[in-house]
Amino acid sequence: MLAIIKVYFSRRARVATFSAILFFLSALTAGGVIFNRQHALENRLLENLLWAGYQYDREVRELRLILLEISSGNSSVDDILLRYEILFSRKTLFFQGDIGQVVHKLDHIGELIRQTEAIILEMDDLLVPLWENSAVLNNYLLTTLLDKTSLLQKLTGTILVETNTHVS
Amino acid sequence: MRRRTMIHRQCHSAKVSPRPNVHHRSMGQKCRAYILVALLVLLSSHAIALDLPEGPVILVVSGKVGHTNVGNEAHFDKAMLEALTQHETLTHTPWYDGEVRFSGPLGRDILEAVGAEGESLRVVALNDYASTLPISDFENFDVILAMQANGKTLRVRDHGPLFVIYPFDQYPELLNEEILSRSVWQVKRIDIN
């Protein structure tokens, strides 16, 4: 076989063919490595998104608990404001940095997050007077805030399920 | 002040004492010793005293600290942290878009201010998330407790008031899961062990 190749193909042709095969295999290997790294990076980002979703859902629950406890005197307006601020910071993560880039690519999850943002901003307007005067917190405001966190909890729960489904 | 007056009086009385010269010199030496001790006490008390916070406390440092201001802890308000040398770190992070200019006191300056003597730090966030950092991180890298990002004060909603920021761009090897988990935001307490 080798003898036949030697007869029909010149040394130059053989070297060129061998080089081409070598180049092709190198390109294939490099491509595979890049693909694997990209895949690992995407998986890590999705895991980060899942973790952020879990923390988001947890913070909504914490705020809801604080709101429920205030009527029994176990929490204060300062606690509500602190929990709300922490929740706001959790929301921000979905719109910037690495997690923001992942969310940007996932339309369905992105839409759910935008809905939660709208509710959080509505709550922001409701909470503004409390920074100046804690006595502003009355039963009506408390009920409104509880309703909003209830709706928010449903959405964050859905975000968690959807992200989980996407990751798995 | 009262102590100083007393020493001064003692020195004065020593000068006018009718006692023999030998005793005279020993009294003079005693006075110098008193003055030296008083100065040392004054200097050391100045070194271990931390000002009391006047505004809301944003950072509590506890554990193996030598300089305290409330019980066994060192409490800092915003002004006290701003009084420390402010360091700027220009870096990319996974939590922000693009390059951000963070500024705040260096971690090692805070440790120095409280006279920290330990090997590791337990950094606790407002939501009780906690991460353990080796003190060597603060010694080997310019880790700051950022109070500002791009010139704006970090509020709780912006992951403030204090955010542990490593110089990721300067040392790209820091950009790994372990260090990222140490980059605690909304820091409220540091326990030195």
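Every value quoted in this text rests on a predicted model; they were computed, and no experiment measured them.

### Some remarks on the overall build of chain A
A count of helical and extended segments in chain A gives six helices and zero strands. Listing every helix and strand of chain A by position from the N terminus yields α-α-α-α-α-α. Taking 168 residues into account, the globule formula puts the C-alpha radius of gyration at 15 Å, and chain A, at 28 Å, lies well above it. Along the three orthogonal principal directions, the C-alpha set of chain A runs to about 100 × 25 × 25 Å. Counting every position in chain A, which comprises 168 residues, the buried fraction comes to 22%. Within chain A, residue pairs in contact and separated by at least 24 positions form 75% of the contacts whose partners lie at least 6 positions apart.

### Thoughts on the packing of helix H3 (residues 77-92) of chain A against helix H5 (residues 107-132) of chain A
Residue and element names in this part refer to chain A. The N-to-C vectors of H3 and H5 enclose an angle of 150°; their axes lie 11 Å apart at closest approach. Judged by the inter-axis angle, H3 sits roughly antiparallel to H5. Our pair here, H3 against H5, has a crossing hand that is left-handed. The segment H3 lies against H5, with Val77, Leu81, Tyr84, Leu87, Phe88 and Lys91 engaging Thr116, Glu117, Ile120, Met123, Leu127, Leu130 and Trp131. Tallied by class, residues from the contact of H3 with H5 come to 10 nonpolar, one polar and two charged.

### Points about the pairing of strand E3 (residues 86-92) of chain B
The side chains of a regular strand alternate between both faces of the sheet. Across seven bridges, the pairing between E3(B) and strand E4 (residues 99-105) of chain B is antiparallel. Bridged to Leu90(B) within E4(B) is Arg101(B).

### Re the sheet that holds E4(B)
Residue and element names in this part refer to chain B. Reading across from one edge, E3-E4-E8-E9 is the order of the four strands in this open sheet, with antiparallel pairing throughout. The two strands at the open ends of the sheet, each matched to only one other strand, are E3 and strand E9 (152-153). Summarising the sheet, E4 and strand E8 (residues 148-149) pair through two bridges and their orientation is antiparallel. Of the residues in E8, the one forming a bridge with Phe102 is Ala149.

### Section: the interface of chain A and chain B
Between chain A and chain B, the contact holds 10 residues from the first and 11 residues from the second. Those elements that provide at least two residues to the side of chain A that touches chain B are H3 and helix H4 (97-105) of chain A.

### Observations regarding the confidence of the model for chain B
Residues and elements named next belong to chain B. Averaged over all residues, the pLDDT of chain B is 84; the fraction at 70 or higher stands at 76%. Within the model, pLDDT remains below 50 along residues 1-23, and this stretch shows 15 contacts once partners closer than five positions in the same chain are excluded. A low-confidence stretch, residues 41-47 (pLDDT under 50), is modelled with zero contacts involving residues beyond four sequence positions or located in other chains. Both confidence scores are given for the complex: pTM 0.79, ipTM 0.80.

### Here's the deal with the sheet that holds strand E6 (residues 130-134) of chain B
All names here are of chain B. Spatial ordering of the open sheet is given by E2-E1-E11-E5-E6, a layout of five strands whose pairing is mixed. Either end of the sheet is taken by a strand with one partner, and the two such strands are strand E2 (74-77) and E6. Along the sheet, successive strands turn relative to each other by an average axial angle of 20°, direction set aside.

### Quick look at the confidence of the model for chain A
Per-residue confidence for chain A gives a mean pLDDT of 92; residues scoring 70 or more make up 99%. When the elements of chain A are averaged for pLDDT, helix H1 (residues 2-8) of chain A gives the smallest value, 73, and H3(A) the largest, 97.

### Some remarks on unusual backbone geometry
Residues and elements named next belong to chain B. Following Gly160, the chain continues into Pro161 via a peptide bond in cis, with omega recorded as 5°. Its place among the elements puts Pro161 in the loop between E9 and strand E10 (163-165). Despite not being glycine, Asp128 has its phi angle at roughly 70°, a positive value. Tracing the backbone shows Asp128 in the loop between strand E5 (120-125) and E6.

### A word on H5(A)
Residue and element names in this part refer to chain A. Counted at 1.5 Å a residue, the expected span for H5 with its 26 residues is 38 Å, and the 39 Å between its end C-alpha atoms agrees. Largest kink in H5: about 35°, centred on Leu126, with the proline Pro129 one to four residues after it. Buried residues of H5: Ile109, Leu112, Ile113, Thr116 and Ile120, and no others. Each element contacted by the buried residues of H5 is listed here: H3, H4 and helix H6 (139-167).

### Remarks on the environment of Gly110(A)
All names here are of chain A. Here Gly110 shows up in helix H5. Residue classification places Gly110 among the partly exposed residues on the basis of 17 C-beta atoms within 10 Å. Between the C-alpha atoms of Gly110 and Leu145, which are 35 residues apart in sequence, the distance is 24 Å. Discounting residues that sit within four places of it in the chain, Gly110 has contacts with Val103 and His104.

### Considerations on the packing of helix H2 (residues 11-70) of chain A against H3(A)
Residues and elements named next belong to chain A. Where H2 contacts H3, the axes come no closer than 9 Å and their chain directions differ by 165°. By the angle between their axes, H2 is roughly antiparallel relative to H3. Where H2 crosses over H3, the two elements pack in a sense that is left-handed. Where H2 approaches H3, its residues Gln55, Tyr56, Glu59, Val60, Glu62, Leu63, Ile66, Leu67 and Ile70 are matched on the opposing element by Asp79, Ile80, Arg83, Tyr84, Ile86, Leu87, Arg90 and Lys91. Its residues assigned to classes, the contact of H2 with H3 shows 10 nonpolar, one polar and six charged.

Scoring rules and cut-offs
Residues numbered from 1 in each chain as written. Chains lettered and ligands numbered in written order. Predicted model: local features only at pLDDT ≥ 70, side-chain atom pairs only at ≥ 80, totals over all residues. Helix = DSSP H or I, 4+ residues; strand = E, 2+ residues; numbered from the N terminus. Rg over C-alpha atoms; globule rule 2.2 N^0.38 Å. Buried ≥ 20, exposed ≤ 12 C-beta atoms within 10 Å, placed from the backbone. Contact = placed C-beta atoms within 7 Å. Axes fitted to C-alpha atoms, helices over the stretch in contact; angles between N-to-C directions. Parallel < 35°, antiparallel > 145°, perpendicular 65-115°, else oblique. Left-handed = near helix turned anticlockwise from the far one by under 90°. Nonpolar A, V, L, I, M, F, W, Y, C, P; charged D, E, K, R; others polar. Pairing = 2+ DSSP bridges. pLDDT = per-residue confidence, 0-100. Expected span 1.5 Å × (residues − 1). Bend = angle between axes of the 7 residues up to and from the residue.

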